[in-house]
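# Descriptive analysis of the structure
Listed below are the residues making up each chain.
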Amino acid sequence: MPRKRDILGILFYNCKVTVMCPCIRCIRIVSEALIMLPNEEKGTILYVEDNPDNRMLVRRILLSEDYSLLEATNAAEALETLKTAKPDLILMDINMPVMDGLELLEKMKQKAPYSRIPVVLVTTLGKEEQVLKGLKLGAEGYLTKPFKADALHEMIDRVLTKK
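Residues numbered from 1 in each chain as written. Predicted model: local features only at pLDDT ≥ 70, side-chain atom pairs only at ≥ 80, totals over all residues. Heavy atoms only, no water.

### Some remarks on helix α3 (residues 52-64)
For α3, with 13 residues, the first-to-last C-alpha span of 18 Å sits near the 18 Å given by 1.5 Å per residue. If you follow the buried residues of α3, they end up packed against β1 (44-48), β2 (68-72), β3 (89-93) and α8 (149-162). Of the residues that open α3, the one with a side-chain oxygen 2.8 Å from the backbone nitrogen of Asp53 is Asn51. Positive backbone phi, approximately 70 degrees, marks Asp66, located one or two places after α3. (Helix = DSSP H or I, 4+ residues; strand = E, 2+ residues; numbered from the N terminus. Expected span 1.5 Å × (residues − 1). Contact = heavy atoms within 4.5 Å. Polar contact = N/O pair within 3.5 Å; in protein donor to acceptor, adjacent residues only side chain to side chain.)

### Considering the environment of Asn95
Take Asn95: it is sitting in the loop between β3 and α5 (101-110). Taking the C-alpha atoms as reference points, Asn95 and Asp50, separated by 45 residues in sequence, lie 8.5 Å from one another. Residue contacts for Asn95: discarding those within four places in its chain leaves Asp50, Thr124, Lys127 and Gln130. Within the local environment of Asn95, its side chain forms a polar contact with the side chain of Gln130, the two groups lying 3.2 Å apart.

### Focus: helix α7 (residues 128-137)
Inspection of α7 places Gln130, Val131 and Gly134 among the buried residues, and these make up the whole buried set. Seen from one end, α7 has its buried residues packed into an arc of 100 degrees, which puts them on one side. Exposed residues pointing more than 90 degrees away from the buried face of α7 are listed as Glu128, Glu129, Leu132 and Lys136. Directly beyond the C-terminal end of α7, a positive phi value near 120 degrees is found at Gly138. (Buried < 20%, exposed > 50% of the residue type's maximum accessible area, 1.4 Å probe, protein only. Arc of directions from axis to C-beta.)

### Here's the deal with the pattern of salt bridges
Evaluation of the coordinates by the stated rule reveals seven salt bridges. Two residues, Lys145 and Glu49, come together in a salt bridge whose shortest N-O distance is 3.2 Å. Here Lys145 is found in strand β5 (residues 141-145), whereas its partner Glu49 is found in the loop between β1 and α3, with 96 residues between them in sequence. Here the salt bridges do not stand alone but share partners, grouping Glu49, Asp93 and Lys145 into one network. (Salt bridge = Lys/Arg side-chain N within 4 Å of Asp/Glu carboxyl O.)

Printed below as a string of structure tokens:
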């Protein structure tokens, strides 16, 4: 069975993909991968979030505005994605299991190919100390959950036009 990351890796290299499996799960995975192809006009965003409901909400918002979207469910998956794709922006949850968003941000800012990708942190209310640490580590900004679609668009536009 194909995995979305494998399909995206193939598509980024402009290869032809033929799916022989007729099962609905494989068709869904390939369809989702095709939706996430880069859109040169708006840019590509990597969203790092462990909560599937939050990922679905942000996916709907960003895809409705014609951004290309890559997703990672944890920090390790995000680092793996960055080996094959170069997003224009990373939208990252702070609170994740194993390695939190601040640790990932710190690792990214120490590595040359990743250090120039702008990062926007997403946090819950009452986490001001995390936000301050993230800004000191090099984050371009932050959003507080729950946030409105307009706030997300405004933050993304501000960061991408600054870039």
